[in-house]
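So the chains spell out like this:
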Amino acid sequence: MPFKHFLLALAVVAIWGSNFVVIRLGLNTLPPLLFATLRFAFAVLPAIFFLKKPDLPWRLLASYGLLIGVGQFGLLFLAMRGPNAAISPGLASLVIQTQVFFTLMLAMRVTREMVKPYQWLALLLAAAGIGVIASHTDGSATPLGLVMILLAAFSWACANMVGKRAGRVNMLAFMVWTSVFAVPPLLVLSLMIEGPALMAQGLAHADALTWAAVLWQAVGNTLFGYGVWGWLLARHAPATIVPMALLVPIFGMSTAAWVLGESLPGWKLLAAGLVLGGLALNLLWPLRPWRAAVQLEGASK
């Protein structure tokens, strides 16, 4: 992979990791469901006027938009809301990566393949890390917050399965057009749960930092992040690009510690090591035969 492409991939995972701190900053002012609504609204407008709709059924676009918008980010924002959030940004960035294992289980169910021994080991490592987080109640995470993030991860995994059915498409256009279906239900839920008064109060108190957080979500995280990631995947083998996603929780936890002063006691580092160890094992183990074949081919030349 050319060094410039590596820097692009690094920029994407840095944005995705630091995004959890940006979410926390935006939630200081905006109610969570309104914040999510604005995030997807700004992802749609004005980009939708410049990007052609992917040649996909409307039901597929709608399913993905609902799962990502309401399921993933709706729950994520609700769990991270307010000063007394149910989970801290750093831990949220770590726990939500369990979507990898949910995706694996869903894929196995669809294809009826057996889970391989290394995958069970990876799952046990990640589960042990989640167990470490669940056993600590120092304010970094509550049982409710942990459950909400796990449900958000499961929704993300379901969206991955829907996205897989889409095949190879323009990922930027796909994200913009699926975001159309996230805005109405999030807006309705915000009106029903948060109410017009709280929504108006949040908008009235929104300052430049708040709107920067919204734009970062829409432009940086969605349009740039997913657009560049899709562009890189179209030019390189997934085995080259996908493992870099392991850096997302690293950026998430380090940024939360730097910007918000989130503590990093030993149990958090242990939990991160277990979860990331499971993710690394699941992602990197299948690459061993591929790397061996490449080395063998190089030796024969």
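Residues numbered from 1 in each chain as written. Predicted model: local features only at pLDDT ≥ 70, side-chain atom pairs only at ≥ 80, totals over all residues. Heavy atoms only, no water.

*Asks:* Whenever I open this one, the packing of aromatic side chains confuses me. Can you help?
*Replies:* The geometry of two aromatic rings is summed up by the distance between their centres and the angle between their planes. Applying the stated criterion across every chain yields a total of nine aromatic pairs. Ring geometry for Trp58 versus Phe181: centroids 6.0 Å apart, planes at 65°, classification edge-to-face. Pair noted here: Trp58 is in helix α3 (residues 58-79) and Phe181 is in the loop between α8 (171-179) and α9 (183-205), with a separation of 123 residues, a long-range link. Through pairs of rings, three or more aromatic residues link up here, namely Phe35, Phe40, Phe73 and Phe77. The ring of Phe73 carries the charged tip of Arg39 above its face, separated from the ring centre by 3.9 Å. Stacked on the ring of Trp58, the Lys or Arg Lys53 has its end atom at 4.7 Å from the ring centre. (Phe/Tyr/Trp six-rings, centres within 6.5 Å; stacked < 30°, edge-to-face > 60°. Helix = DSSP H or I, 4+ residues; strand = E, 2+ residues; numbered from the N terminus. Lys NZ or Arg CZ within 6 Å of the ring centre and 35° of its normal.)

*Asks:* When you look at the packing of α3 against helix α7 (residues 143-166) in this model, what are you seeing that I'm missing?
*Replies:* Helix packing geometry: the angle between the two helix axes and the distance between the axes. Contact pair α3 / α7: the axes reach a minimum separation of 8 Å and the direction vectors enclose 160°. Accordingly, the angle class assigned to the pair α3 and α7 is roughly antiparallel. Classified by chirality, the crossing of α7 by α3 is left-handed. (Axes fitted to C-alpha atoms, helices over the stretch in contact; angles between N-to-C directions. Parallel < 35°, antiparallel > 145°, perpendicular 65-115°, else oblique. Left-handed = near helix turned anticlockwise from the far one by under 90°.)

*Asks:* Explain α3 here, please?
*Replies:* Since one α-helical turn is 3.6 residues long, residues separated by three or four positions face the same way. The terminal C-alpha atoms of α3, which comprises 22 residues, lie 30 Å apart, in line with the 32 Å expected from a rise of 1.5 Å per residue. Phe73 marks the point of greatest bend in α3, at about 30°. (Expected span 1.5 Å × (residues − 1). Bend = angle between axes of the 7 residues up to and from the residue.)

*Asks:* How do you make sense of unusual backbone geometry when you look at a structure like this?
*Replies:* Each neighbour pair has its own omega, and for Leu45 with Pro46 the value is 0°, a cis peptide bond. Within the element layout of this structure, Pro46 appears in the loop between α2 (32-44) and α3.

*Asks:* So what exactly am I meant to see when it comes to the packing of α2 against α9 here?
*Replies:* Interhelical geometry of α2 versus α9 gives an angle of 120° and a closest axis separation of 7 Å. Crossing handedness for the pair α2 and α9: left-handed. Contacts from Pro32, Leu33, Leu34, Ala36, Thr37, Leu38, Phe40 and Ala41 in α2 reach Val183, Leu186, Leu187, Leu189, Ser190, Ile193, Glu194, Met199 and Leu203 in α9. (Contact = heavy atoms within 4.5 Å.)

*Asks:* I would appreciate a short explanation of α2 in the present structure.
*Replies:* Taking 1.5 Å per residue as the helical rise, α2 with its 13 residues ought to reach 18 Å, and the 19 Å between its terminal C-alpha atoms agrees with that figure. The element α2 is extensively covered by neighbouring structure, given that eleven of its 13 residues are classed as buried. (Buried < 20%, exposed > 50% of the residue type's maximum accessible area, 1.4 Å probe, protein only.)

*Asks:* Quick question: what am I supposed to make of the side chain of Thr37 here?
*Replies:* The topology assignment puts Thr37 in helix α2. The class of Thr37 is buried, set by a relative accessible area of 5%. Each residue touching Thr37, except ones within four places of it in the same chain, is listed here: Val183, Leu186 and Leu187.

*Asks:* Quick question: what am I supposed to make of the confidence of the model for the protein chain here?
*Replies:* Reading predicted coordinates in detail is not appropriate for stretches of low pLDDT. Per-residue confidence for the protein chain averages 82 on the pLDDT scale, and 88% of its residues sit at or above 70. Segment residues 294-301 is flagged for pLDDT under 50; beyond a separation of four residues in sequence, or across chains, it makes zero contacts in the model. (pLDDT = per-residue confidence, 0-100.)

*Asks:* Can you walk me through the environment of Trp267 in this structure?
*Replies:* Take Trp267: it is sitting in helix α13 (residues 266-284). Separated by 138 residues in sequence, Trp267 and Gly129 have C-alpha atoms that sit 9.3 Å apart.

*Asks:* I'm lost on a nonpolar patch on the surface in this one. Help?
*Replies:* On the surface, Phe3, Phe6 and Leu7 cluster together into a nonpolar patch covering about 290 Å² of accessible area. With respect to the secondary-structure elements, Phe3 resides in helix α1 (residues 3-26). (Patch = residues over 30% accessible without salt bridge, like charges linked within 9 Å, V, L, I, M, F, W, Y side chains within 5 Å. Areas by Shrake-Rupley, 256 points an atom, 1.4 Å probe, with all protein chains shown as cover. Salt bridge = Lys/Arg side-chain N within 4 Å of Asp/Glu carboxyl O.)

*Asks:* I would appreciate a short explanation of the nonpolar core in the present structure.
*Replies:* Side chains of a nonpolar character, in soluble globular proteins, are inclined to be buried together. In this structure, Leu76, Ile87 and Ile133 are the most contacted members of the largest nonpolar core, which totals 73 residues. Looking at this core, the element that brings in the most residues is α7, giving nine residues. Not counting the four nearest positions on each side in its chain, Ile133 is found in contact with Leu91, Leu94, Val95, Ala141, Leu146, Trp267 and Ala271. (Core = buried A, V, L, I, M, F, W, Y, C linked by side-chain atoms within 4.5 Å.)

*Asks:* What exactly am I supposed to notice about the environment of Leu276 here?
*Replies:* Note on placement: Leu276 falls in helix α13. When its relative accessible area of 15% is taken as the criterion, Leu276 is described as buried. Here the alpha-carbon distance between Leu276 and Gln97, two residues 179 residues apart in the chain, equals 8.8 Å. Beyond its immediate sequence surroundings of up to four residues, Leu276 is in contact with Leu94, Leu246, Pro249 and Ile250.

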